Amino acid sequence: MTVKIRLARFGCKHRPFYRVVAADDKSRRDGKQIEVLGFFDPLQGKDDANRVSLKFDRIKYWISVGAQPTDTVENMLFRAGLIPPKSMVVVGSKNGQPSTNHHVSPITGEILN
């Protein structure tokens, strides 16, 4: 059983409200969940304290046992300071030169080996 940390949609039509949940990757988006880890309200202002609420200790636990966050949740966790950013890959191919792949640090921009 692979566990994903993802968003489950609640709320009415045109009034979304999301819960951050740990769920089996084979369950539906709004289906069975293992644990509720927080919430996200996209209709609140960007500076509002009630926009995002996360249970940091439980999220750290689920990541430590192998749960994979989705891309959206991973961005939220990065902004909250829980995980480091993903390394970026730069592909260079100009004017017929052979392409080279370099892993680049998203914070400093340095090429990683």
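A.B. asks: I keep staring at the overall build of the protein chain and nothing clicks. Help me out?
C.D. replies: Helix and strand counts for the protein chain stand at two helices and eight strands. Evaluated residue by residue, the protein chain yields a buried proportion of 27% over its 113 residues. In the protein chain, 23% of the contacts between residues at least 6 apart in sequence involve partners at least 24 apart. Working note: accessible area of the protein chain is about 8,200 Å², and carbon and sulfur atoms make up 51% of it.

A.B. asks: What is the right way to read helix 2 (residues 71-80) from this model?
C.D. replies: Helical geometry note: an α-helix holds 3.6 residues per turn, so side chains three or four residues apart project in the same direction. Listed as buried for helix 2 are Val73, Glu74, Met76 and Leu77. Projection of helix 2 onto a plane perpendicular to its axis shows the buried side chains occupying an angular sector of 160°, all on one side. Summarising the geometry of helix 2, the exposed residues directed more than 90 degrees from the buried face are Asp71 and Arg79. Along its buried surface, helix 2 packs onto strand 1 (3-12), strand 2 (15-24), strand 3 (35-40), strand 4 (52-54), helix 1 (56-64) and strand 5 (68-69). At the C-terminal side of helix 2, Gly81 shows a positive phi close to 90°.

A.B. asks: I would appreciate a short explanation of the sheet that holds strand 4 in the present structure.
C.D. replies: Two orientations exist for strands paired in a sheet by backbone hydrogen bonds: parallel and antiparallel. In space, the five strands of this open sheet follow the order 4-3-2-1-5, with mixed pairing throughout. Two strands bound the open sheet, and with one partner strand each, they are strand 4 and strand 5. Pairing between strand 3 and strand 4: three bridges, direction antiparallel. Note on strand 4: the bridge partner recorded for Gly38 is Leu54. Along the sheet, helix 1 makes contact with strand 1, strand 2, strand 3 and strand 4, crossing strand 3 at roughly 125°. Contacts from helix 2 reach strand 1, strand 2, strand 3, strand 4 and strand 5 within the one sheet, and its direction differs from that of strand 1 by about 95°.

A.B. asks: Is there a simple way to explain the nonpolar core in this structure?
C.D. replies: A general trend in soluble globular proteins is that nonpolar side chains are found buried together. Residues Ile5, Val20, Leu37, Trp62 and Leu77 are the most contacted members of the largest nonpolar core, which totals 16 residues. Of all the elements in the fold, those that place two or more residues in this core are strand 1, strand 2, strand 3, helix 1 and helix 2. Discounting chain neighbours no more than four positions away, the residues touching Ile5 are Val20, Val21, Leu37, Trp62, Ile63, Ala67, Gln68, Pro69, Thr70 and Val73.

A.B. asks: Where do I start with unusual backbone geometry in this structure?
C.D. replies: Leave glycine aside and you will find that most residues have negative phi; peptide bonds, for their part, are mostly trans. Positive phi, normally seen in glycine, also occurs at His14, with a value near 65°. The exposed category is assigned to His14, whose relative accessible area is 68%.

Calculation notes
- Residues numbered from 1 in each chain as written.
- Predicted model: local features only at pLDDT ≥ 70, side-chain atom pairs only at ≥ 80, totals over all residues.
- Heavy atoms only, no water.
- Helix = DSSP H or I, 4+ residues; strand = E, 2+ residues; numbered from the N terminus.
- Buried < 20%, exposed > 50% of the residue type's maximum accessible area, 1.4 Å probe, protein only.
- Contact = heavy atoms within 4.5 Å.
- Areas by Shrake-Rupley, 256 points an atom, 1.4 Å probe, with all protein chains shown as cover.
- Arc of directions from axis to C-beta.
- Pairing = 2+ DSSP bridges.
- Axes fitted to C-alpha atoms, helices over the stretch in contact; angles between N-to-C directions.
- Core = buried A, V, L, I, M, F, W, Y, C linked by side-chain atoms within 4.5 Å.

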